[in-house]
Each structure stands twice: as structure tokens, then as C-alpha cells.
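Here's the letter readout for the chains.
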Protein chains: 2
Amino acid sequence: MEAAKRLFAQHGYGGVSLDTIASEAGVSKQGLLYYFPKKVVLYRAVLQNVLDVWLDYMDVLGHRDDDPETALRTYIAGKLRFSREHPHGSRVFASEVIAGAPHFADEIERRVVPALHADEQVYRRWVERGLCRPMDTRHLMVVLWAATQAYADFASQICLILGKPELEQQDFDDAEKVIVEMVLRSVLRNPGD
Amino acid sequence: MEAAKRLFAQHGYGGVSLDTIASEAGVSKQGLLYYFPKKVVLYRAVLQNVLDVWLDYMDVLGHRDDDPETALRTYIAGKLRFSREHPHGSRVFASEVIAGAPHFADEIERRVVPALHADEQVYRRWVERGLCRPMDTRHLMVVLWAATQAYADFASQICLILGKPELEQQDFDDAEKVIVEMVLRSVLRNPGD
DNA sequence: GTCTATATCGCGATAGAC
DNA sequence: GTCTATCGCGATATAGAC
């Protein structure tokens, strides 16, 4: 599964063979096909696994009664930590979405959309309580999610921009600082620092 | 070229055959191979074309003496317009970057990185003149670019979130409003509205 | 430049022994 | 469950007539 995740991320669904995945995982192609009878079954299993982990990192905003600043800081940190710790998973998922979600739209509808709607609800309650400015929460979530995910999906380009071979913890810390600052300044009624 | 762009975006480099591209373009596979002797040559030609158009939309920030607010508004609007008008191009490019830029790192280094560095310079001058807060410009540009590009690359997921079959102009206008607000509130010393 | 024909290979998937 | 063997197909790429 981990081998498949990495290879799908690197070469895309159609760009990698079962032979390559199997040998990378230390099994035979037939052994692989015994557990995953079709290539697409393996692919969906990888995506399910990614989604499981992703949602674990995400549901921070919805399940706390923190004040907006703390909740948003935690949320952004969690999303960036996912990008840092599961870059391949993020990339497989991103590739699938870029392709138009041909093999996973049903699960996105079933699991991702409700999670984001729950986050929107939390934000709306903050607005009602006068803690946050009224904003288009759907697009706010899109921006938040795009900004944090970029550090996994587009790492190769960010590396070229930063002039280094790979992203380090410091880069994620810097990114977190910028994103947190942008979000807090735009949503809080009385930005702190 | 347009057919190849759309198909590479939809299925990835390894997920589409020359036969499919050729028939979609109304030529024979051999006719295609006459002009692009290798598949990877066609692919790179597509990426070059995307990059040409992309840079046209991007160099707005660097080539004007506008005040920061006007320049940033124009820049964000331009990036979103690219996402709106060239979604397939954006997706091909994103796929290549997600894969680690195996076929295009040299051109990104040569053309994209300098463009972004120029934008950084513009921002630094604004800071020196006291017009903007000091920020990590590299990450600011990453966030800006990720947020705007998401409306092309991840359109399928955003559609699921918004509950509609495809993005309309109104959605891009809403996104622009949110992104502009976020950016201006965080970089300007005296945000207007 | 465009066509027919074809070489050569690797792909996903299956069959059946053990 | 794992192995060897193999099917059938479609892929990139080339050769050569016209």
C-alpha cells in the first residue's frame, strides 16, 4: 500500500505498472492481484487509506469549542502537518481530483463534503457570536485547504523557488506563520499581534 | 496541441495514448509522430505552451508602478482569469509538478522562478516604502498562487462542495472577493473597507 | 508529408499446478 | 496462497511506398 501510494503519486494511475508496484513492495505481481483483483481496486484502496488519515488530521475545527483563533491555528497546523507527514498521499489524492475524480467522486461526496460543511457551520456560529467577520465560508475553506496542501502537492516547485533540494521543517514553520497571519487578519474582528 | 492538453490534463502523461490524442485532434497517429517524434516531445511542447500563456497572465505585478492594492487586485484577478480560461493547461502543469517535475524542472527553473523572484522584489520595495507589512514574500506568493490555481486544478472537488456540476463566473467572482480580502487585509498597513 | 504495414515490447489479467 | 506460464491487447516507435 505504501509502495503503491508513492508510485501512484509519482507517476499517476496510468503511469505505473502492477509489476513495478509489486516489486517495490517485495511481492509478486500475482500476489498483488490476489489481494487486489483489479488495478483500480488497489487504487481505490490507496485513496481510501489517504482519506482516512486526512480526515483524522482535519476534523479539528469541527470538534472543539475553542475560540476562533486557537481553532484556526490548530486547524492550519494540522493540515500542514498532514502535508509534511503524508506528501505522497496528498499527491495521489490531488492527482485524482485534477483528473476530475473519475474513480473517487462518490467517496469525496460521501466523506469530504460533509466534513467541510461541518467546518462551515462552525465558522457561521463564530460569525453569529460576533467573533468573526462574515465571509464566504466555502471559498475561505477552499483557500485554506489549497494553501496548506500546496506544500505537499507542489513541493517540487516550491523547492525550486526556495532554491533547496527538499522542504525542511523550517519551511513548514514559515509557511504556517504566513498562512495563520493571513487567515487571522482577514477573519478576526480584532486581530491580535 | 489543444487535444493533447485536455487529454494529458484528464488522464496524465502515462494515462493517454498517442492514438487517442491523434484521433481526438483529427489526425493519424503517424501524422502526430511526424511533428512530435516522441511522446515526451509533444508533452513538453504542451507544457511550453501552457507556460507561455501563464506568464502572460502573471507578469502584471512586476511590470506596473501601481499602488499595492491595485497591483495585487489585478494580479489575483489575472491568475483567476487564467484558471477560468485555461483549466486544462493549469492541470497539465499541476500534474507535472505533483509528479516532481520530471520532464520540466529545467524550464520551471529558467522561467517561473525568475518571474516569482521579480514579484518578490516588487513586494519588498512596497515594504521599504512603508506601504506593506513585512512578510515572507516567498510563502506569500506560494499561497497566492495555490489559492488561485485551485479553482482550475481542483475544480471537480470544489464543484462537489458547492453542489453544482461546474464552476460558473459567479463562483470565480466570489473566490476573487475572498482571496483579495484575505491578501489585502494581511499585507496592507491600513486596509480600506 | 501522409499513408500502410509492422516491429517490439510491456501491460493487466487469467488459468491451473501445487 | 503462492507459484509458473501465458493469453490478448494496446502501447510507442519505425520502415518504406507513394
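Refer to the structure presented above.
**Considerations on the overall build of chain A**
Tallying secondary structure elements over chain A gives 10 helices and 0 strands in all. Element order for chain A, N to C, with α for helix and β for strand: α-α-α-α-α-α-α-α-α-α. Its C-alpha atoms put chain A at 60 × 40 × 25 Å along the principal axes. Burial analysis of chain A (193 residues in total) assigns 52% to the buried set. Working note: accessible area of chain A is about 8400 Å², and carbon and sulfur atoms make up 49% of it. For chain A, the distance from the average site of its 23 positive side-chain charges to the average site of its 28 negative ones is 3 Å.

**What about the protein's contact with DNA strand D?**
Near DNA strand D you find Ser28, Gln30, Tyr34 and Tyr35 of chain A together with Val16, Ser17, Leu18, Lys29, Gln30, Leu33, Lys38 and Lys39 of chain B, and these make up its full shell. Within 4 Å of the protein, the contacting atoms of DNA strand D are 58% sugar and phosphate, with bases supplying the remainder. In this structure, a phosphate oxygen belonging to DNA strand D sits 3.5 Å away from a side-chain N or O atom of Ser28 of chain A. Residue Leu18 of chain B places a main-chain N or O atom 3.0 Å away from a phosphate oxygen belonging to DNA strand D. Where the surface near DNA strand D is concerned, the elements lending two or more residues are α3 (29–35) of chain A together with α3 (29–35) of chain B. Across the surface near DNA strand D, the residue classes break down as 5 nonpolar, 4 polar and 3 charged.

**Observations concerning the packing of helix α4 (residues 39–58) of chain A against helix α7 (residues 105–128) of chain A**
Residue and element names in this part refer to chain A. The N-to-C vectors of α4 and α7 enclose an angle of 5 degrees; their axes lie 12 Å apart at closest approach. Judged on the interaxial angle alone, α7 and α4 are roughly parallel. Across the interface between the two elements, Arg44, Gln48, Leu51, Asp52, Trp54, Leu55 and Met58 from α4 touch Asp106, Glu107, Arg111, Val112, Ala115 and Leu116 from α7. Considered class by class, the residues forming the contact of α4 with α7 number 7 nonpolar, 1 polar and 5 charged.

**What to know about the protein's contact with DNA strand C**
Around DNA strand C, the neighbouring residues are Val16, Ser17, Leu18, Lys29, Gln30, Leu33, Lys38 and Lys39 of chain A together with Ser28, Gln30, Tyr34 and Tyr35 of chain B. Here a phosphate oxygen of DNA strand C and a side-chain polar atom of Ser28 of chain B are 3.5 Å apart.

**Describing the pattern of salt bridges**
Scanning the entire structure with this criterion turns up 24 salt bridges over all chains. For Arg111 of chain B, the salt bridge goes to Asp52 of chain B, with nearest N and O atoms at 2.6 Å. Here Asp52 of chain B lies in helix α4 (residues 39–58) and Arg111 of chain B lies in helix α7 (residues 105–128), a separation of 59 residues in the sequence. Ionic pairing is found between Arg73 of chain B and Glu69 of chain B, a salt bridge with its closest N-O pair at 3.1 Å. Highlighted residues: Arg73 of chain B and Glu69 of chain B, both in helix α5 (residues 68–85), separated by 4 residues, approximately one helical turn. Judged by relative accessible area, Arg73 of chain B falls into the partly exposed class, the value being 38%. Taking the relative accessible area as the measure of exposure, Glu69 of chain B reaches 28% and is therefore partly exposed. One network of salt bridges, in which partners are shared, links Lys164, Glu168 and Asp171 of chain A.

**Details of the interface of chain A and chain B**
The interface is formed by 53 residues belonging to chain A together with 53 residues belonging to chain B. Note on chain A versus chain B: buried area summed over both sides is about 4800 Å², and carbon and sulfur give 71% of it. Where chain A packs against chain B, one counts 0 salt bridges. Elements with a minimum of two residues in the side of chain A that touches chain B: α1 (2–11), α6 (87–98), α7, α8 (137–153), α9 (155–162) and α10 (169–187) of chain A. Broken down by element, the side of chain A that touches chain B gets its largest block of residues, 11 residues, from α8 of chain A.

**Here's the deal with the relation of the copies chain A and chain B**
By a simple turn and slide, chain A fits onto chain B: the slide is 0.0 Å along the axis, the RMSD is 0.0 Å, and the turn is 180 degrees. Interpreted geometrically, this transformation is the action of a two-fold axis. Proximity to the rotation axis, assessed at the C-alpha, singles out Gly14 of chain A in chain A; its C-alpha lies 2.5 Å from the axis. The residues that chain A uses at the interface reappear at the interface of chain B in 100% of cases, marking a shared surface.

**Some words on unusual backbone geometry**
The backbone of Ala101 of chain A sits at a positive phi, close to 55 degrees, despite the residue not being glycine. Take Ala101 of chain A: it is sitting in the loop between α6 and α7.

Cut-offs applied
Note on numbering: residues in each chain are counted from 1, in written sequence order. Here the convention is simple: chains get letters from A, ligands get numbers from 1, in the order in which they are written. With pLDDT at 70 or above as the cut-off, local features in this predicted model cover only qualifying residues; side-chain atom pairs require 80 or more to be listed or tallied, and sums for whole chains, interfaces and linings still use all residues. Based on all heavy atoms of the structure, the side-chain values leave hydrogens and waters out of the count. Helix numbering and strand numbering both begin at the N terminus, where a helix is a DSSP run of H or I of at least 4 residues and a strand a DSSP run of E of at least 2. Any residue under 20% of the maximum accessible area for its type is buried, any over 50% is exposed, and the rest in between are partly exposed; the area is computed with a 1.4 Å probe on protein chains only. Computed with the Shrake-Rupley method and a 1.4 Å probe, the accessible areas treat only the protein chains shown as cover for residues. Here Asp and Glu are counted as negative and Lys and Arg as positive; His is not counted, and neither are the chain ends. Every charge is mapped to an atom, namely NZ of Lys, CZ of Arg, CG of Asp or CD of Glu. Neighbouring residues are identified by heavy atoms, a residue being near a molecule or strand if any of them is within 4 Å of it. Under this definition, polar contacts are N or O atom pairs within 3.5 Å; protein pairs additionally need one hydrogen-donor-capable and one acceptor-capable atom, and for neighbouring residues in sequence, both atoms have to be side-chain atoms. Residues were grouped as follows: Ala, Val, Leu, Ile, Met, Phe, Trp, Tyr, Cys and Pro as nonpolar; Asp, Glu, Lys and Arg as charged; and all remaining residues, including Gly, as polar. Each axis is a line fitted through C-alpha atoms, taken for helices only over the stretch in contact, and angles between the N-to-C directions span 0 to 180 degrees. Roughly parallel means an angle under 35 degrees; roughly antiparallel, over 145; roughly perpendicular, 65 to 115; everything else is oblique. Whether two residues are in contact is decided by their heavy atoms, any of which lying within 4.5 Å being enough. The term salt bridge refers to a pairing of a side-chain nitrogen on Lys or Arg with a carboxyl oxygen on Asp or Glu at a separation within 4 Å. Two parts placed together each lose some accessible area under a 1.4 Å probe, and the buried area is that loss summed for both. Here the copies are superposed with least squares, the fitted atoms being C-alpha atoms of residues at a pLDDT of at least 70 in both.

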